[in-house]
Amino acid sequence: MSAARLLLVVGCIAGGACANGSDVATGPDACGSSTAPTRLAAGLDTGVVVVGASTACLQIDGGAGDYLVSVQLGTSTLGFGGYAVDVARPGARVNAASSVVAPGAAPSAIPLAFEASLREAEQRWSRRSLGPQQRSLTTRALTRAVPVLGSIDTFQVIANLSPPYTYVKAPARLVYRGSRVLTYVDVNTPAVWTDADWAALGAHLEHPLYGIDTVAFGEPSDVDGNGRVIVLFSPRVNALVSQVDCARSGFVTGYFYAFDIASTAAESNQGEIFFSYVPDPSGVFSCPHSVAEVQRQLPATFVHELQHMISYGQHAVARGSIAEETWLNEGLSHLAEELAARFYEARYPAPMGRTSSAQLFPDSAGDFIMSNLANSYRWLLVPSAYSPVRYAAGSLGGLEERGASWLFSRWLVDRVGATATRSLVQTNRWGTANVEAVAGAPMKQLLADFGMAVWLDSVPGMPRPPLLSARRFRSRNLRELFAALLVARPGLGSGYPLAPLPLTSMRRATLRPGATEYFRLTVPTGGTRLAVRRPSGEATAVEWQVQVGVVRLNP
């Protein structure tokens, strides 16, 4: 796996001189003689955050010791580009350039791009007038009966990865008729499973997975009037990706497309439907997919996409609002995966259900949570480069951003309580306004607390209870989680992924909106000052909402 390298370019602050990158002193006071500092007495177990400062000169008076310093853009509304901030100590010198090695890209480009196109289309559909269209669908739904087992129906399945989409008709047979899920199998599916096998999988998707999502987020819409979600297993999903691209850039395991709810066009299935790939051990339609692989990967995809379906129904259909913003929509779908993992964690307490006694999670929970842990591990290696609350325009987010959004969603639900998931979905609000309303706090304060929480949670030697509850995770121990990840995937890395950079002189952080950089600062007796400015020496812009967090890490 190739590694991408992120360089932290370090330059000079105001009043100093730079010569070919050599170390050059910039003066005794990093804040300037005319600047009155903000005095902080950061103590053990308490974080101090300077929120929304346009410029910052900080005097740290908490006593000699080691401190964590976080520098953050406390807003998600800026343009997506990077914003450079210098953090300097008295007598600052230009540090030698530092680098952090980020993990190489995982083979996921195709499924991420495909889902991005679906969610972008979802936003477009939700911005159209849904009133007359939804009344038309509802009227037609009154005459639609629940089909009998073995009956054949024909569905429209997307045939290409990018819009404008084309469609292929897929005749499929009903193999499972549950009270909330109908499972169809495309008649062209390779004959590797019996009807009983398909029915067992359909029953599993309904009990417990459908219930996990609906308890957490609410019910999906029902524009076809059958009171059920349709699951279509079709090799047409496999065929979206060629054999060559499948091995190189990933494949689509399943998807939900709001067009099937929002449109009355001939290509729309005009109902709630989840499309899934099928076992294809011989690779007839694309690269080979074993029965065991589908059994392992599909359930997490189902709960993920079902949250998208519920969210669209609650926002656009029930309330005529706009579909949820991508970062929060994805964060909640990844949270849905974790909620399924929690179900199995509760069902199989240690040491039950585990192949090895060293496992933190039972076997049945691993496929729901391990990818989220891996994604968030990747993010915490380079936290300044990715935002938990902002994706690039037209992007569904990379693995790192998804990991960040999942952790933010988990922390937010820990802070507010379990009812937060329904409150975030059953609303006509979206994005920042949605989060602020549910949390009862401005986004800049939430980002400040979350930014501190990802380091302060479960710090060795620092008791968890005395920490401010907003600056830790209440239901998870992050260091325990990542230790479990590294046992399961030893090639990923070692230790806790977030490693604050030593701040001996001056560092430059280039931040995305809502992103954070972390530093470790040794404060001498008598305290020290820090200046936080633009590389030009000017104050940071007010709209950047620069936030500085400081907490003492030892007695």
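Residues numbered from 1 in each chain as written. Predicted model: local features only at pLDDT ≥ 70, side-chain atom pairs only at ≥ 80, totals over all residues. Heavy atoms only, no water.

Draft legend 1. Inspection of the overall build of the protein chain at higher detail. When helices and strands are tallied, the protein chain shows 14 helices and 18 strands. For the protein chain, with 555 residues in total, the buried portion stands at 57%. Long-range pairs, those at least 24 residues apart, make up 76% of the contacts in the protein chain with a sequence separation of at least 6. Working note: accessible area of the protein chain is about 20700 Å², and carbon and sulfur atoms make up 55% of it. (Helix = DSSP H or I, 4+ residues; strand = E, 2+ residues; numbered from the N terminus. Buried < 20%, exposed > 50% of the residue type's maximum accessible area, 1.4 Å probe, protein only. Contact = heavy atoms within 4.5 Å. Areas by Shrake-Rupley, 256 points an atom, 1.4 Å probe, with all protein chains shown as cover.)

Draft legend 2. Expanded view of the side chain of asparagine 372. The residue asparagine 372 is located in helix α9 (residues 363–381) in this model. Asparagine 372 sits in the buried class, given a relative accessible area of 0%. One polar contact links asparagine 372 to histidine 334, side chain to side chain, over a distance of 2.9 Å. Other than its neighbours up to four places away in sequence, asparagine 372 contacts His334, Glu337, Glu338, Gly403 and Trp406. (Polar contact = N/O pair within 3.5 Å; in protein donor to acceptor, adjacent residues only side chain to side chain.)

Draft legend 3. The arrangement of the sheet that holds strand β12 (residues 254–256) in detail. The mixed open sheet is built from six strands, whose spatial order is β8-β9-β10-β11-β13-β12. Every interior strand has two partners, whereas the edge strands, β8 (152–158) and β12, have only one. Neighbour to neighbour, the strand axes of the sheet diverge by 30° on average, direction disregarded. Two elements, β8 and strand β9 (residues 167–177), share seven bridges in a ladder whose sense is antiparallel. Each bridged residue has a counterpart across the sheet, and for phenylalanine 155 the counterpart in β9 is alanine 170. Its contacts with the sheet put helix α1 (residues 109–126) on β8 and β12, and the angle it makes with β12 is roughly 10°. Against the sheet, helix α3 (residues 195–217) contacts β9, β10 (181–186) and β11 (229–233), and its axis sits at roughly 85° relative to β9. (Pairing = 2+ DSSP bridges. Axes fitted to C-alpha atoms, helices over the stretch in contact; angles between N-to-C directions.)

Draft legend 4. Looking closely at the pattern of salt bridges. Inspection of the entire model under this criterion finds 19 salt bridges. Of the charged contacts, one joins aspartate 61 and arginine 39 as a salt bridge, the two residues approaching to 3.0 Å between their closest N and O atoms. With aspartate 61 in the loop between β4 (56–60) and β5 (65–73) and arginine 39 in strand β2 (residues 38–40), this pair connects stretches of sequence that are 22 residues apart. The partner of arginine 236 in a salt bridge is aspartate 186, with the nearest N and O atoms 3.8 Å apart. Here arginine 236, found in helix α4 (residues 235–238), pairs with aspartate 186, found in strand β10; they are 50 residues apart in sequence, far enough to count as distant. Aspartate 186 sits in the buried class, given a relative accessible area of 2%. (Salt bridge = Lys/Arg side-chain N within 4 Å of Asp/Glu carboxyl O.)

Draft legend 5. Quick peek at α9. The terminal C-alpha atoms of α9 lie 27 Å apart, and with 19 residues this matches the ideal 27 Å at 1.5 Å per residue to within 8%. Residue isoleucine 369 marks the point of greatest curvature in α9, where the axis turns by about 45°. The element α9 is largely enclosed, with a buried count of 14 among its 19 residues. (Expected span 1.5 Å × (residues − 1). Bend = angle between axes of the 7 residues up to and from the residue.)

Draft legend 6. Structural view of the pairing of strand β16 (residues 516–523). Of all eight residues that make up β16, six are buried, and the element is covered over most of its length. Strand direction decides the pairing type here: β5 and β16, joined by eight bridges, are antiparallel. Paired with glutamine 72 across the two strands is threonine 516, which belongs to β16. Where strand β14 (residues 501–502) lies against β16, two bridges are found, and the strand directions are parallel.

Draft legend 7. How the structure looks around unusual backbone geometry. Of note, the bond from histidine 207 into proline 208 is cis; its omega dihedral lies within 30 degrees of zero at 20°. Among the secondary structure elements, proline 208 is positioned in helix α3. Backbone torsion omega between alanine 350 and proline 351 reads 5°, so that peptide bond is classified as cis. Within the element layout of this structure, proline 351 appears in the loop between α8 (326–347) and α9. For glutamine 270, which is not a glycine, the phi torsion comes out positive at approximately 50°. Mapped onto the fold, glutamine 270 is located in the loop between α6 (259–262) and β13 (273–276). The phi dihedral of glutamine 545 falls on the positive side, at around 55°, and the residue is not glycine.

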